[in-house]
Structure formats: C-alpha cells, structure tokens
Amino acid sequence: MMAAIKKLVKSLDWTIVIAISILMTIGILFIYSSGVTSAGDIVSTEYAKQVVWVVSGLALLLASVMLDMKRISDYVPFIYAFFAASLVFTRFFGKVVNGSRSWLGIIGDYGIQPSEFMKIATALMLARYLENSLHEPSTFRRFVLSFAIVGLPMGLILLQPDFGTALVFIPLYLAMAYVGGINRRYLLFFIVSGGIAIVMTIMPLWQRIIVAKPSILLRILYEPPYIYFTLLVIISTLALSLLGYRFFKKNYYYWTAYVSMMFFIGLGASIVGQRMLKDYQVMRLVVFLDPSVDPLGSGWNILQSITAIGSGGISGKGFLQGTQSHYRYLPQQSTDFIFSIISEELGFLGGIVIFSLFFYILLRLVFSIRSIRSVSCTSFVAGIFGILLFHFTINAGMAMGVMPITGIPLLFLSYGGSSLWAICIGVGISLGIGARKFDS
Amino acid sequence: MSDYSEGSKGSESLKFATLVVLATFIFVSYTAYLFYLQVIRGVEYQRKAMTISRQIEKLPAQRGEIYDRNYNLPLVLNVDSFALVVVPAEIPPEMRDTVFSRLALALDEPLDEIRRLVSPNYYRLFQPVEIASSVSQDVIFRIAERMDEFPGVSWYSRPKRNYLESGSFSHIIGYVGDISREELKIYYNKGYQSGDIIGKAGLERQYDSLLRGKDGRQFKTVDVRGRRMAPVSQDVEAPLMGKNIVLTIDRATQILAEKALGERIGSIVVLKPATGEILALVSYPSFNANTIVEKGGNNEYARLLADPRMPLIQRTIQSSYPPASTFKTIMTTGIIEEKAIPLDEKILCTGEINYGDRVFRCWIRTPGHGRLDLAGALAQSCDVYFWEVGRDRLGIERIVSYSREFGFGQLTGIDLPGEVAGFVPSPQWKERRFHEKWLGGDTLNMAIGQGYLLVTPLQLANMMAMVVNEGVIYKPHLLKEVRDPRDGSIVTKTAPEILVASSISKETFQKTQEYLRGVISVGTAHYPLSTKAVLVAGKTGTAEVGLADRWHSWFVGYGPADAVNTDESIVVVAMIEASNPWEWWAPYATNIVLQGYFAGQTYEEAAGKLGLLGRTIVAGARVE
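These numbers were taken from a predicted model, which means no experiment stands behind them.

Caption draft 1: Expanded view of the overall build of chain B. Within chain B one finds 23 helices and 25 strands. For chain B, buried positions account for 46% of its 624 residues. Once local pairs closer than 6 in sequence are excluded, the contacts in chain B between residues at least 24 apart make up 72%.

Right under this line is the structure:
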C-alpha cells in the first residue's frame with residue numbers, strides 16, 4: 001500500500017498541482033481585493049472562507065488521486081444515483097440563491113451545490129458507460145444512451161433553474177463522447193441542431209433589439225405563422241428523403257434526411273425555447289453582442305467589466321488599486337467577474353499569467369492521456385478538460401464582453417466551495433489516471 | 001481495458017490533437033483580444049474609467065426683483081432655496097430602490113411620488129430630473145453629509161420667490177411656477193428648458209424674459225470617485241441676472257385703493273391720464289401668491305380655481321360689465337360734438353317713456369326729473385333725456401361710433417396677460433348674430449350704457465382719461481422702468497404711447513368736463529364725493545343685471561377737476577359687483593381714494609377724515 005502511494009507520489013504531475021495552487025492563491029488575493037471598499041474597509045469575509053475551501057480542496061485533490069477508475073467502476077452507478085437523488089431533493093428542499101434552488105444548507109453560511117458534484121459523477125458514469133458499450137453494435141443506441149446519462153442531470157439542473165451550470169454538461173458530453181468514440185455523425189448532428197436551436201431562440205429578440213432592420217428572410221425562421229410553414233416544408237423533405245432512402249438506398253437521400261432532421265429538431269427546440277425563456281433571460285444572453293442597447297440594465301455589467309479590464313493597461317493599477325472594482329462599479333466581483341478585477345489590478349501581464357496557467361493545465365491533461373488505452377480513463381480526463389475549458393472560455397469571455405453572461409464561475413479563482421471542491425476531485429482523479437498510466 | 005488495434009492509433013492522436021487545437025485556438029484568440037483591450041485600447045479605457053461622467057451643472061440666474069414706482073422697497077424678493085435633482089443614469093440599478101427610499105425619507109415625500117417623477121423611461125437618462133424645487137438648506141446639508149449614500153443626486157441653488165406684498169398685488173405681479181410640458185413646447189425655442197421656473201401669471205409672466213435672466217452652465221467632469229475634476233475656465237458660462245423692474249404702481253395708492261374697496265367683490269383702477277401709468281389696480285377677491293409658489297401650491301391653486309368668487313380673475317381687465325350711466329359721459333361728448341341738440345334745449349322727464357310695447361322707466365320714477373337740459377340731465381343722470389336724444393337726435397350709428405372712439409370694444413394693450421376687450425354692439429352685429437333687426441329699444445338700452453354693451457373697468461378709466469386729456473388716451477401700462485440689477489441704472493424707461501387720438505374738438509371735452517363737474521357739485525354724486533382735498537368731476541353708474549334688489553355700482557371720476565396741467569391728475573374707477581349685498585359703495589370708495597391720494601393720507605386717515613371708516617352705505621333702493 002505504502003509502496004503504491006510512494007509510486008503514485010513519484011509519478012504524479014506535480015506541475016499541475018502547483019499551477020492550480022498558484023491560481024487558487026491568486027483567487028484568494030483577489031477575493032480579498034473584491035471585498036475591500038474604496039475607503040479601505042473590508043466588507044466581506046469571503047476571502048477567509050475561500051482559504052478554507054482552497055485548503056480543503058487541495059486535500060480533496062490529493063486524496064482523489066488515490067481513486068482508481070478501475071476499482072471504483074462498480075460504485076459509479078451508486079454515486080451517480082446518489083447525486084441525481086440529491087438534485088431532486090435540492091429541487092424541493094434546497095435554498096434559493098439568486099433565483100434558483102440549487103443549494104443544500106449545511107451549517108450556517110456554508111452550503112453545497114449538488115449540481116457541481118453532479119458534473120463529476122456524470123463524468124464518471126459516462127466514462128464507465130463509454131467503456132462498457134464499446135462493443136455495442138448499434139452506434140445510434142450508444143449515442144442515445146450516452147446522451148441520456150448527461151441529459152438526466154442537465155434536465156434536473158434546468159429545473160432548479162440554473163441555466164449556466166446545466167450548460168456545462170454539453171461540453172462535458174461532447175469532449176467525452178468525442179474521445180470515447182461516439183459516431184461523429186451524431187455529434188455533428190447534435191452540435192448543429194443545438195446551435196440552430198440556440199441561435200433561433202435568441203434570434204427574435206436579437207433582431208428586434210440589436211439589429212435595427214430585421215431581415216425578412218430570417219423572419220420565416222421564427223415568426224409565426226411562417227415558421228409553421230417552414231417546419232412543414234422541412235418535414236415533407238424529411239419524409240420524402242426517408243422514403244427515398246428506404247426504396248433506393250442512395251446516399252444523398254440519407255444526407256438530405258440528415259440535414260432536414262437537424263433543422264427540424266433545431267427549429268422545433270427554438271420554438272420551445274422562445275416559449276419557455278422570458279425576454280429578460282434571453283436579453284442576458286444576447287446583450288453582450290452590443291451592450292450599449294441596454295447600458296444600465298444587462299449591459300451595465302458588461303460595460304463596466306470591459307472598462308475595468310481595458311483600464312488595467314499593460315501592468316495594471318496595482319493590487320487593491322482598481323477603481324472600477326473598489327468603487328463598486330463591478331458587480332459580483334468575487335464570483336462572476338473575478339477576472340475583471342484581476343485584469344484591472346494586474347493588467348495584461350497578469351492576464352497572460354492566468355491564461356498561461358489554465359492553458360498549461362489543459363495541455364498537461366491532454367498529454368497525460370495520450371498513451372492511455374482505457375476509454376473510461378481518456379474520456380473522463382477529456383470530460384474534465386471540457387469542463388475547465390468551457391468555464392474558462394465562458395467566464396473570461398464574459399468579462400471581456402465576448403461571451404454571454406451565464407453566471408458560471410472561473411474555476412480555481414472564483415469564490416465558492418462546491419465548484420472548487422468538485423473540480424479538485426475531478427482534476428485529482430485525472431491526475432491519478434495520468435500517474436497510473438504505466439501501471440498495467 | 002480493451003486494446004485498440006494499431007490502425008486506430010492515428011484516429012486517437014487526431015482526437016487529442018483536436019482538443020489541443022481547440023484549446024490553443026481559444027487561448028490565442030483570448031490573449032489577442034486581451035491585448036487589444038488592455039494595450040491597444042488601454043488608454044481609452046483608462047480615460048473612461050476616470051471620467052465616469054460629464055455633467056452639466058446649472059448655475060441659476062437670479063430672477064429680477066420688482067419694485068413699485070418709488071424704487072425703494074422691493075415688492076418681490078428671492079430667498080435661498082434649492083432644487084434637488086437626480087441623474088437617473090448615475091444611480092447604479094441595484095441601488096435605485098435604496099436611493100429612492102432614502103430620498104423619500106430625506107425630503108419627507110411619499111416614495112411613490114419620487115418613483116413617479118423618475119419614471120422607468122428615465123432610468124437611462126443622463127440629464128438631471130428635478131424631484132423637488134424648494135428644498136431648505138437643512139435638508140441639503142443633511143444629504144450632503146452622506147453624499148456617498150446618494151449616488152446621482154445633486155442640487156442647485158434655486159432662489160424662491162417671496163412676495164412681500166400679496167392680496168391685490170398678487171393679481172398684478174402674478175407668480176411663478178415650474179414650466180409645464182405645454183409651455184415648454186411653446187417656449188423651447190426661446191431657450192427655456194425642462195425644470196425652468198417661468199412666470200405663470202401677471203407681470204411675472206408678462207415680463208418673464210426680462211426677469212428670468214439667463215442661466216449659466218458649468219460643465220463638470222466627475223471622476224470614478226464622484227469627485228469633481230478641475231474645472232476648465234471655458235467650461236463655465238456665467239449666469240446673467242434678471243433685470244429689476246420698476247412698476248408704475250404706487251404702493252401706498254394700491255394699498256389705499258385695496259382698503260377702500262374692502263371686502264367687496266369688485267375692482268378699482270387708479271390711472272394717471274397724462275401718461276397712461278397705472279397707480280393702482282385692485283381686484284377683490286384676491287389671493288396670496290406665496291401660497292401658490294410654496295410646496296403644495298398646486299392644491300392651493302386648485303382651491304382658488306374652484307372658488308365661485310373667482311379670486312384668480314383680475315377684474316379690472318378680465319371682467320366686463322355694462323357701463324350703465326357712466327356711459328352718459330360718452331353720450332354727452334357725442335351730443336356736444338355733433339350738436340345733436342342745443343345745449344340749452346330742455347326735455348321733459350316724466351319718469352318714463354313708452355316705446356314699442358314697453359315702458360322704459362327712468363331711475364327716478366314718476367313724476368320724474370321734470371324739464372332738463374344736457375348739463376342737468378348728466379348731473380341728475382336722467383335716462384329719459386338720453387333716451388330721447390340718443391334715439392331721435394344722435395342715432396345708434398353715432399352712439400356706436402363714439403363708443404369706439406373712446407376705445408370701447410378694443411383691447412387697451414395693458415402689459416398684463418389675459419385682458420378682455422369688452423363689447424360694443426351694433427345693428428349689423430345684431431343681425432349677424434341673432435338674425436334680428438336692431439330695434440329702437442336696443443338703442444334706448446345702449447344710450448344709457450345697458451344692454452349688450454360691455455366694458456372693463458380699465459376701459460372706463462381710459463374713457464375718463466380721454467376726457468381729461470381732451471382727446472388722447474395713452475396706453476395704460478404697469479412697467480415704468482427696467483433697471484440693471486447690479487448698479488440700479490435705468491436700462492429702459494416706458495415712454496407714454498398714444499393709444500387713441502380722437503378727432504373730437506377740445507372745446508367739446510372742456511364742456512364735458514364742466515358737465516361732469518356738475519355731477520359732483522349739484523348732481524347725483526354730490527353727497528358721496530365729499531372730499532375737500534381735491535376738486536372732483538365724474539359720473540356714477542348703476543347697472544341693471546336682472547336682479548330686483550342689487551345692481552353693479554360704478555363710479556368713474558378724476559381730480560383735480562380744476563387742473564391747468566393734467567400731469568398731476570388721476571382718474572379713479574371703482575366698480576362694485578352686484579354679487580355683493582347691495583351697497584352704493586363705488587362713489588364712496590372713489591371718495592376715499594381721492595382724499596387719501598391728494599391729501600397724502602392712508603386709508604384709515606382718509607376714511608376717518610371723511611367719516612367713512614368702517615361704514616357701509618346701505619341704500620334700500622336703487623340710486624344713481
């Protein structure tokens with residue numbers, strides 16, 4: 001046992017641990033900075049709590065290294081079921097924070113978000129399935145079942161409702177399914193129809209508010225009753241193509257059906273999306289395209305964040321010297337907009353350091369699984385890679401004004417225990433996988 | 001753990017390569033964008049971060065003061081007061097509710113009122129919205145102490161109008177108020193802005209452009225900390241103080257006339273015929289302009305508006321009445337000028353005449369005045385004489401023509417808003433209006449100033465001014481001088497302006513003056529016009545208004561009647577409406593005004609001297 005641990009310690013990629021530790025330390029510093037007002041008063045003790053989260057997170061990370069994917073494989077369905085059940089429980093008995101019921105209170109202010117842990121549990125479950133289903137004859141069945149594993153928690157989280165967190169499951173799935181050998185035809189189908197669904201959901205509001213002159217051609221894609229005619233045309237095309245394929249077995253019938261199906265599902269989902277999402281919710285998603293349409297509503301945060309980042313210049317204003325943050329022009333500085341305050345106070349150079357650390361961690365993760373044969377291992381690490389990259393892209397992009405505001409944290413940096421613990425466990429398991437690659 | 005065949009190795013490394021390429025693409029593009037934001041556009045954002053906003057601060061011009069003709073004590077002063085404004089866009093959205101409720105608390109206003117003033121459509125507005133106009137210094141100090149709790153809130157000095165004299169002065173001076181949306185539409189091109197104070201009535205309105213001056217502006221740049229950055233000198237436009245105006249009104253005469261009228265619904269005009277200067281312009285009931293400009297003034301205004309006695313009406317120019325027997329002044333002038341009847345020819349008054357199917361009764365019933373010539377008829381105000389001469393000798397066309405000659409039916413052009421023109425009927429008008437022929441009866445009514453004829457008290461004063469000036473009416477006015485607010489030097493002075501120049505001969509007017517003197521010396525007004533301070537001439541009038549026991553009571557007179565030079569003469573018109581309990585007060589009121597004016601006495605002294613202090617003149621029946 002001890003020998004095994006020793007071996008593990010020796011082959012562990014410590015550089016990733018160090019990079020994460022640096023990120024988390026910077027995180028604590030700037031959570032502290034965000035809690036200081038212009039007058040120098042400390043109004044928030046979040047930084048102290050974050051120290052607790054970081055220390056315990058690091059411990060969890062190192063402990064998770066011990067978990068061997070192969071050995072826990074049998075327990076994974078129980079872990080998955082447990083967190084799925086806790087999501088259901090949270091939906092009914094959780095604490096409401098920022099409009100979504102996603103918290104389970106533990107003691108006092110401390111609470112956990114089961115949805116964050118669900119990401120890891122889902123990754124484990126999906127990794128296990130991808131491994132077990134390698135010899136599944138129907139690639140379609142494999143796609144559907146694998147997606148169902150992700151779809152269940154996503155649905156539960158959407159019910160809370162926590163749109164941002166639910167969204168993370170998509171890159172998680174795509175990365176894992178891609179590495180896990182799901183037929184790319186389905187993945188392409190999924191990406192394109194999903195893209196159509198998202199674009200067409202926000203299209204009406206985007207056309208109305210940001211584009212001064214709505215294009216008449218586009219209106220047939222979202223405005224009743226034209227959209228129904230459009231759908232009818234697509235369904236007819238689909239039916240004819242399917243019939244054609246059934247009788248003539250020509251390839252182009254297959255692809256016509258494929259494309260019609262993508263559009264049908266994408267447009268259909270967008271109609272549902274338009275009905276379900278309220279204008280202000282969609283507004284939050286589109287306003288980043290042109291924050292000036294709503295400079296004091298949804299656009300305010302974006303404009304202030306861009307100003308904060310831009311005014312940081314090359315070397316920044318110095319620690320605790322940021323004006324935008326300390327005069328409270330920046331909202332949610334310790335969570336959603338932590339990158340803005342870092343960039344304001346540390347400048348472009350500081351931003352490059354943050355970027356490089358994330359880039360380094362991601363690259364090391366990819367390289368660590370290069371020679372691994374186990375699909376469950378590679379796909380799990382790919383899932384963690386997907387989560388990290390997605391969080392980074394969305395959060396940093398949101399701060400720079402190139403991504404919509406979805407309220408997902410910048411991992412390792414943003415204040416928050418659950419997301420930190422969850423990613424620590426995820427990275428820990430991944431590091432363990434990397435460390436064991438020459439074992440068997 | 002399943003082994004892959006060698007062949008799938010390539011596809012495995014393709015997968016990893018895809019992930020690396022994806023990550024690299026994102027990092028490279030994000031780094032490039034961060035470089036763009038922080039390095040390329042860094043300076044721009046630094047400036048933006050420093051300059052949160054550029055605000056325009058209003059430097060209010062002090063509104064001009066208003067003086068009476070003696071230019072010693074102002075009638076209107078400005079007192080320290082502040083307007084509180086918010087720049088809605090500068091309140092962070094999440095703090096909006098807190099700031100609003102703090103403001104509500106500080107101003108002692110309902111929260112809903114503040115929400116109404118700063119409606120959600122203004123939330124993105126960078127222009128200040130005024131939420132309170134007369135805030136005391138204490139409240140401002142309290143807010144200033146906790147400035148950080150009130151983002152977007154500022155204030156500027158906005159002196160409040162303090163009307164030192166109210167009552168009948170309020171009718172003349174008027175009052176100010178916040179510019180309304182409708183007014184803004186009309187005056188926007190003249191440099192008025194939302195939130196401006198504008199004259200709403202009286203001289204405040206008439207001479208608003210003189211009084212208001214020009215607000216200055218200061219462009220202030222506020223940094224992220226809410227601190228003002230160093231102002232640049234060219235960013236300041238200094239305010240121009242409003243001009244002071246000096247009225248023709250004589251404070252003492254105005255008060256004298258106001259008290260002489262007492263609490264009787266009616267009006268008094270005191271006019272200098274030689275220039276058209278108005279010395280007093282009293283209308284009762286009146287109001288206190290201070291209650292309108294103060295907080296809650298809208299309620300007071302609504303109350304005044306709803307008052308059935310109509311205290312907001314300036315009766316001297318905004319109400320017209322039948323002139324009744326005072327019209328005989330014009331009739332007399334016309335008769336003399338036209339030689340309609342030999343001045344010594346007498347006409348028998350039996351107390352009534354029959355005309356058509358109607359009996360027209362003189363105010364002295366049967367047996368009537370007996371035989372009277374023109375001088376006697378005017379002195380005794382004999383209706384029968386004027387009926388007969390008017391109908392048979394002068395004729396309606398000439399009566400109408402002389403009425404117009406005296407300025408009836410036309411605006412006097414006084415420098416007060418809202419003047420009415422009165423009305424002079426004519427046969428043509430009656431046919432047009434009622435499709436009825438002008439009847440002899442109409443002429444009879446017209447001849448004694450009844451019927452359709454309507455004049456304002458100021459027009460009646462003008463009528464008498466014409467007689468005094470022997471053929472000229474000067475445009476009545478209230479503005480004597482415009483003075484510079486700093487050194488008091490005269491900027492402009494109102495020169496007398498001829499409103500009507502008559503072709504009637506001077507001799508005719510001199511004869512009329514003589515006959516008008518007779519009204520006092522031997523006629524109907526002998527007893528009421530008892531003043532010894534000055535020699536008075538004039539004419540009484542008692543207008544039928546369809547009530548059995550009440551009449552409008554008029555007196556129009558002037559003094560001194562023996563003046564060689566009319567520079568010192570004044571014309572006094574008193575008008576007591578029939579809505580009061582019947583009291584033959586107009587001549588008595590005139591008596592007090594003339595006594596007080598020429599003896600330099602206050603109302604109390606003058607009325608005491610005349611034995612009229614606190615007296616009411618009860619007359620059971622109609623008198624002339």
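Caption draft 2: Examining the overall build of chain A more closely. Looking only at helices and strands, chain A features 18 helices and three strands. When the 440 residues of chain A are sorted by exposure, 47% land in the buried category.

Caption draft 3: Inspection of unusual backbone geometry at higher detail. Residue and element names in this part refer to chain B. A cis geometry characterises the amide bond from Tyr-284 onward to Pro-285, with omega recorded as 0°. For Pro-285, the position within the fold is in the loop between β14 (277-284) and α11 (289-293). The amide bond that connects Gly-559 to the next residue, Pro-560, takes the cis arrangement and shows omega of -5°. Checked against the element boundaries, Pro-560 lands in the loop between β24 (552-559) and β25 (570-576). One non-glycine residue with positive phi stands out, namely Met-310, at about 50°. Within the fold, Met-310 resides in the loop between α12 (297-306) and α13 (315-318). Phi is positive for His-435, close to 55°, though the residue is something other than glycine.

Caption draft 4: Region of interest: the nonpolar core. Residue and element names in this part refer to chain B. Judged by nonpolar contacts, the single largest core of 136 residues is most densely connected at Ile-268 and Val-593. Per element, the largest residue contribution to this core is nine residues, and it comes from helix α20 (residues 457-469). Leave out the neighbours within four places in its chain, and Val-593 touches Leu-256, Ala-257, Ala-260, Ile-268, Val-270 and Val-572.

Caption draft 5: Up close: the sheet that holds strand β13 (residues 266-272) of chain B. Residues and elements named next belong to chain B. Ordered in space as β14-β13-β25-β24-β23, the five strands form an open sheet in which the pairing is antiparallel. Looking at strand neighbours, the two that pair on one side only are β14 and β23 (537-543), the edges of this open sheet. For this sheet, the mean angle separating the axes of adjacent strands, direction not counted, is 5°. With six bridges joining them, β13 and β25 adopt antiparallel strand pairing. Bridging from a neighbouring strand, Ser-267 pairs with Met-575 of β25. Across the face of the sheet, helix α22 (residues 586-599) comes into contact with β13, β23, β24 and β25 while running at roughly 150° to β25.

Caption draft 6: Just helix α6 (residues 114-132) of chain A, in detail. With 19 residues, α6(A) should reach 27 Å at 1.5 Å per residue; the first-to-last C-alpha distance of 26 Å fits that figure. Most of α6(A) sits inside the fold, with 18 of its 19 residues counted as buried.

Caption draft 7: Examining the interface of chain B and chain A more closely. Listed per partner, the contact involves 31 residues of chain B and 40 residues of chain A. Of all the elements in the fold, those that place two or more residues in the side of chain B that touches chain A are α1 (9-40) and α2 (42-50) of chain B. If one sorts the elements of the side of chain B that touches chain A by residue count, α1(B) sits on top with 15 residues. Among the residues making up the side of chain B that touches chain A, the classes are represented as 20 nonpolar, five polar and six charged.

Caption draft 8: Structural view of the confidence of the model for chain B. Residue and element names in this part refer to chain B. Model confidence for chain B is summarised by a mean pLDDT of 87, while 93% of its residues fall at 70 or above. For chain B, per-element mean pLDDT is lowest for strand β1 (residues 51-59), which scores 60, and highest for α20, which scores 96. Every residue in residues 1-7 is under pLDDT 50, and counting partners more than four places away or in other chains gives eight contacts. Complex prediction metrics read pTM 0.56 and ipTM 0.91.

Caption draft 9: The arrangement of the environment of Val36(A) in detail. Residue and element names in this part refer to chain A. Within the secondary structure, Val-36 is located in the loop between α2 (14-34) and α3 (46-65). The class for Val-36 is partly exposed, based on 17 C-beta atoms found within 10 Å. For the pair formed by Val-36 and Leu-320, sequence separation is 284 residues and the distance between their alpha carbons is 7.7 Å.

Caption draft 10: Structural view of the pairing of strand β20 (residues 479-483) of chain B. All names here are of chain B. Direction of pairing for strand β12 (residues 244-247) relative to β20: antiparallel, over a ladder of four bridges. Bridge pairing in β20 places Val-246 opposite Glu-481. Between β20 and strand β21 (residues 490-493), which follow one another and run antiparallel, lie six residues, and Gly-488 among them has a positive phi close to 75°.

Caption draft 11: Geometry of the sheet that holds β21(B). All names here are of chain B. Overall, mixed pairing links the six strands, which are arranged β7-β3-β2-β12-β20-β21 in an open sheet. Strands at the two margins of the open sheet, each flanked by one partner only, are β7 (160-163) and β21. Summarising the sheet, strand β3 (residues 74-79) and β7 pair through four bridges and their orientation is antiparallel. Bridge assignment links Val-76 to a residue of β7, and that residue is Tyr-163.

Caption draft 12: Spotlight on helix α14 (residues 328-338) of chain B. All names here are of chain B. In terms of burial, α14 is largely enclosed, as 10 of its 11 residues are buried. Regarding α14, the residues found buried are Lys-328, Thr-329, Ile-330, Met-331, Thr-332, Thr-333, Gly-334, Ile-335, Ile-336 and Glu-337. Directly after α14, the chain includes Lys-339, whose backbone phi takes a positive value near 50°.

Caption draft 13: Local environment of the packing of α2(A) against α3(A). Residues and elements named next belong to chain A. The N-to-C vectors of α2 and α3 enclose an angle of 165°; their axes lie 8 Å apart at closest approach. Classified by the interaxial angle, the pair formed by α2 and α3 is roughly antiparallel. Crossing of α2 against α3: the hand is right-handed. For the pair α2 and α3, the contacting residues are Ser-21, Met-24, Gly-27, Ile-28, Ile-31 and Tyr-32 in the first and Glu-46, Tyr-47, Gln-50, Val-51, Val-54 and Leu-58 in the second. Class assignment of the residues belonging to the contact of α2 with α3 gives a composition of eight nonpolar, three polar and one charged.

What counts as what
Residues numbered from 1 in each chain as written. Chains lettered and ligands numbered in written order. Predicted model: local features only at pLDDT ≥ 70, side-chain atom pairs only at ≥ 80, totals over all residues. Helix = DSSP H or I, 4+ residues; strand = E, 2+ residues; numbered from the N terminus. Buried ≥ 20, exposed ≤ 12 C-beta atoms within 10 Å, placed from the backbone. Contact = placed C-beta atoms within 7 Å. Core = buried A, V, L, I, M, F, W, Y, C linked by C-beta atoms within 7 Å. Pairing = 2+ DSSP bridges. Axes fitted to C-alpha atoms, helices over the stretch in contact; angles between N-to-C directions. Expected span 1.5 Å × (residues − 1). Nonpolar A, V, L, I, M, F, W, Y, C, P; charged D, E, K, R; others polar. pLDDT = per-residue confidence, 0-100. Parallel < 35°, antiparallel > 145°, perpendicular 65-115°, else oblique. Left-handed = near helix turned anticlockwise from the far one by under 90°.

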